[in-house]
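# Descriptive structure summary
The chain contents come next:
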Amino acid sequence: MIYFQSIIPGMPSNGQTNWIEVDLGAIRHNVRRLREISGVQVMAVVKANGYGHGLVEVGQAAVEGGAKWLGVARVDEALSLARSGNPARIMVLGYTEPERVGEAAMHGVRLAVYDRQVAQAYALCAGEAGQVLHVHAKFDTGMGRLGHNLQDGVEFMRWLSEQHALRVEGVFTHLAEADEPEKPTTLQQLSKFDALLAGLNDAGLRPEWVHAANSAGTLYFPGSRYDLVRPGISIYGLQPSDSAPLPEDFRPALSWKACLASVKTLPPGHGIGYNFRYYTSRDERIGVAAVGYADGFRRRLGNFALVRGKRVPVVGGVCMDQCMLQLDAVPDARIGDEVVLIGKQGESCILAEEIGREWGTINYEVVCGLLARVPRIYK
Ligand SMILES: Cc1ncc(COP(=O)(O)O)c(C=O)c1O
């Protein structure tokens, strides 16, 4: 990262007013640890623009950390990775329109299949394109989302194996509650999956790659690791949930920062922002940070940020591109100061998990909700 001297004396600048810093070393480290912990191959899940961290850059770092596979949700994400020259095997975990199959197969992208009619369309499209499509059959062991039913599982796999333009490389399922390890449902899902695998073994239909574990499965359910694990949130150093925390040495990769654009003292009774959702009660130092809801900072009361290592409240409503800070705790704050929304500053820290709790959601949604216009800067 290049820092210039800003025109404000003593103030370093990267030329941005609002930006995300991604520590790719943290991603490499976390993936390496997941590989060690699981003892099997890792499919790093980098869908949704690498959970907001950046698709291509995270994909590259994950491979450097030892991931041999990358998982995405959409075929366009897979093609972007393939075109970036990433050497990993790339798999689309979600639905793909049959008309994209030829293109996917041409780039060696693996697709999920869980429905006979759709799989038939895939076989047709791959055949027409003169390609063989690698597929992983997905089974619903309890999540109630994508997945073929278990009852005709062996029959479905046999039928798939007979489609000339398809090569059945994997079989997988997804865990609904592994982030609540105290609940019995994950073991119930795994035992149903094991029964299917036993049937496939007997029929000589067990493919090379069996996988089930998301981050929480990888960390808390050794029986879910099979041949390959599919961690997402943990590669970013974020925990699956409060009841499924990460090992201590995992490192969050993302920080979100903005510049302080204005600092001034306003007299008592002064309204702040649209519809005056805050009034000063005395002379108050009010700052303006260059971050708003069009960056992903939620338009709600009760937000906070770090300035000069101190936690300060956001006051008034969050605007599209800006928000106001109450700076009484930092009398030396000045224009150009770094405002931290997620990450560390001095001894203070704001975690995505904490914001998730404040916003009534989860850390996943916080980082995936950081909008495209915020530049990502890689370290
Ligand atoms: C099919 C599938 N596998 C793996 C993952 C990774 O999950 P996590 O981010 O909880 O590790 C996801 C994420 O939603 C998923 O949909």
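Below: a short report on this structure. (Residues numbered from 1 in each chain as written. Predicted model: local features only at pLDDT ≥ 70, side-chain atom pairs only at ≥ 80, totals over all residues. Heavy atoms only, no water.)

### Considering the packing of aromatic side chains
Pairs of aromatic rings are described using the distance from one ring centre to the other and the angle between the two planes. Put simply, the test is: Two rings from Phe, Tyr or Trp (for Trp, the six-membered ring) form a pair when their centres are within 6.5 Å of each other. A pair whose planes differ by under 30 degrees is stacked, one over 60 is edge-to-face, and the rest are tilted. For helices the rule is a DSSP run of H or I covering at least 4 residues; for strands it is a run of E covering at least 2, with both sets numbered from the N terminus onward. Relative accessible area decides the class of each residue, using a 1.4 Å probe on protein chains only: under 20% of the type maximum gives buried, over 50% gives exposed, and in between gives partly exposed.
Under the definition given, this model contains nine aromatic pairs. On the basis of an interplanar angle of 90 degrees and a centroid distance of 5.4 Å, the ring pair of Phe193 and Tyr226 is categorised as edge-to-face. Of this pair, Phe193 sits in helix H8 (residues 185–202) while Tyr226 sits in the loop between helix H9 (215–220) and strand E11 (228–229), and the two are 33 residues apart along the sequence. Classification of Phe193 by relative accessible area gives buried; the value is 0%. Ring geometry for Trp256 versus Phe297: centroids 5.7 Å apart, planes at 80 degrees, classification edge-to-face. Remark: Phe297 occurs in the loop between strand E15 (284–289) and strand E16 (304–307) and Trp256 occurs in strand E12 (residues 254–266); sequence separation between them is 41 residues. For Trp256, a relative accessible area of 0% translates into the label buried. When its relative accessible area of 2% is taken as the criterion, Phe297 is described as buried.

### Description of empty space enclosed by the protein
The condition is simple: With a 1 Å grid laid over protein atoms only, a set of points is called a cavity when a 1.4 Å probe fits there but cannot get out and a pocket when it is open yet has protein on both sides within 12 Å along at least five of seven lines; lining residues have an atom within 4 Å of a point. Grid points are joined across faces, edges and corners, and a volume is the space filled by probe spheres set on the points. All residues other than Ala, Val, Leu, Ile, Met, Phe, Trp, Tyr, Cys, Pro, Asp, Glu, Lys and Arg, Gly among them, are scored as polar; the first ten of these are nonpolar and the last four charged.
The tally for this structure, following the rule as stated, stands at one cavity of 30 Å³ or more. The calculated volume of the largest cavity comes to roughly 40 Å³. Surrounding the largest cavity, Phe297, Asn303, Phe304, Ile355, Glu358 and Trp359 form its lining. Looking at the lining of the largest cavity, its residues break down into four nonpolar, one polar and one charged.

Honestly, that's just the spatial picture; any functional story needs more than this.
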